[in-house]
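These are the residues of each chain, in order.
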Amino acid sequence: MSNPTETAFLKLVNQHKGILYKASRIYADSMEDREDLQQEILIQLWKSYQNFKGNSEFSTWMYRVAINTSITYLKKEKQRATTHTDPSHHFEVAQEDYNPAKDKQLEIFYNAVQELNPLEKAVIFYFMEGMSHKEIGSNLGLSEGNARVKLNRTKEKIQQIIKKSGYEF
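A brief report on the enclosed structure follows. Here the structure is a predicted model, which means the values were calculated and not measured.

So, the nonpolar core
Membership of the largest hydrophobic core comes to 39 residues, with the highest contact counts inside it found for Leu45 and Phe125. Listing elements by their share of this core, those giving two or more residues are α1 (4-15), α2 (17-27), α3 (31-49), α4 (58-79), α5 (100-113), α6 (118-128) and α8 (144-165). With nine residues, α4 is the single largest residue contributor to this core. In this view, Phe125 contacts Ile19, Lys22, Ala23, Ile26, Tyr63 and Ile67; residues no more than four positions away in its chain are not counted.

In structure tokens:
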């Protein structure tokens, strides 16, 4: 029998599970790593749930935990840097409506995002979630103007990476 705290937690996480998917897609490139990262984020969310006071939206808090966990996870991954290739990555099944052209565009975009530094990844993640410059800034400890500049530079960097790659991977 699950307790009321656990039930409330799972309900909130379920409502915002898109955050898990997007964070793992931005910060991890193989399917296996994405699944590991999603598990790690869930564990960290559960561990720190008792400290969630409800002073901010649950989703805002969840973004912070997801990004902080992703950055920590990335550092750990770099330290144990594995060289195996993951064949399942190439047979990924798209959720919801399958649109090969759109899927390819997303793949190109996410491959470009892999080359960004952790702060740039966080800026793009928040931007994809529809946050304003002000919200992006407050989540990352930047001024609104600084967040705007950082976002514009990051978008330009993604475009340069995509152009440089010639759309082939």
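Here's the deal with the environment of Thr69
If you trace the backbone, Thr69 turns up in helix α4. For Thr69 and Gln38, which are 31 residues apart along the polypeptide, the C-alpha to C-alpha distance reads 9.5 Å. Here Thr69 is in contact with Leu37, Glu40, Ile41 and Gln44, once residues within four sequence places are set aside. Of note is the side chain of Thr69, whose polar atom sits 2.6 Å from the backbone oxygen of Val65.

Remarks on the pattern of salt bridges
For the coordinates displayed, the defined rule picks out five salt bridges. Between Lys22 and Glu129 there is a salt bridge, with the nearest N and O atoms lying 2.8 Å from each other. Remark: Glu129 occurs in the loop between α6 and α7 (133-140) and Lys22 occurs in helix α2; sequence separation between them is 107 residues. Classification of Lys22 as partly exposed rests on a relative accessible area of 25%.

Description of the packing of α7 against α8
To characterise two packed helices, one gives the angle between the axes of the helices and the distance between these axes. Taken N-terminus to C-terminus, the directions of α7 and α8 make an angle of 100°; their axes are 8 Å apart at the nearest point. Between α7 and α8, the interaxial angle falls into the category roughly perpendicular. In this structure, α7 contributes His133, Lys134, Ile136 and Gly137 to the contact, and α8 contributes Glu144, Ala147, Arg148 and Leu151.

What about the environment of Glu129?
A residue is classified by how much of its surface remains accessible, and Glu129, at 23% relative accessible area, is partly exposed. With 107 residues separating them in the primary sequence, Glu129 and Lys22 have C-alpha atoms 9.0 Å apart. Apart from residues lying up to four places away in sequence, Glu129 is in contact with Ile19, Lys22 and Tyr63.

Structural notes on the packing of α1 against α3
As a packed pair, α1 and α3 sit with axes 11 Å apart at the nearest point and diverge in direction by 135°. When the axes of α1 and α3 are compared, the pair comes out oblique. For the crossing formed where α1 meets α3, the hand is right-handed. Where α1 abuts α3, its residues Thr5, Glu6, Ala8, Phe9, Leu12 and Val13 lie against Leu42, Leu45, Trp46 and Tyr49. Classifying every residue of the contact of α1 with α3 by side-chain character gives eight nonpolar, one polar and one charged.

Some thoughts on the side chain of Arg34
Take Arg34: it is sitting in helix α3. At 3.0 Å, the side chain of Arg34 forms a polar contact with the backbone oxygen of Asp29.

Reading the values: rules and limits
All chains use their own residue numbering, which begins from 1 and follows the written sequence. In keeping with the model being predicted, local features are shown solely for residues with a pLDDT of at least 70 and side-chain atom pairs are shown and tallied solely at 80 or more, while totals for entire chains, interfaces and linings include all residues. Remark: hydrogens and water are excluded; side-chain values derive from all non-hydrogen atoms of the structure. Here, nonpolar core means buried Ala, Val, Leu, Ile, Met, Phe, Trp, Tyr and Cys residues that are tied together by side-chain atoms lying within 4.5 Å of each other. When accessible area is computed with a 1.4 Å probe and restricted to protein chains, residues below 20% of their type maximum are described as buried, those above 50% as exposed, and intermediate ones as partly exposed. In this text, helices come from DSSP runs of H or I with a minimum length of four residues, and strands from runs of E with a minimum of two, each type numbered from the N-terminal end. Between two residues, a contact is recorded if the distance between any of their heavy atoms is within 4.5 Å. Polar contacts, as used here, are pairs of N or O atoms within 3.5 Å; protein pairs need one atom able to donate a hydrogen and one able to accept it. Residues neighboring in sequence count only if both atoms are side-chain atoms. For this document, the term salt bridge refers to a Lys or Arg side-chain nitrogen within 4 Å of an Asp or Glu carboxyl oxygen. Note on geometry: axes are lines fitted to C-alpha atoms, helical ones only across the stretch in contact, with angles between N-to-C directions running from 0 to 180 degrees. Comment on the angle field: the value is read as roughly parallel under 35 degrees, roughly antiparallel over 145, roughly perpendicular from 65 to 115, and oblique elsewhere. Crossings are sorted by hand: turned counterclockwise from the far helix by less than a right angle, the near helix makes the crossing left-handed, and turned clockwise it makes it right-handed. In this classification, the charged set is Asp, Glu, Lys and Arg, the nonpolar set is Ala, Val, Leu, Ile, Met, Phe, Trp, Tyr, Cys and Pro, and all remaining amino acids, among them Gly, are polar.

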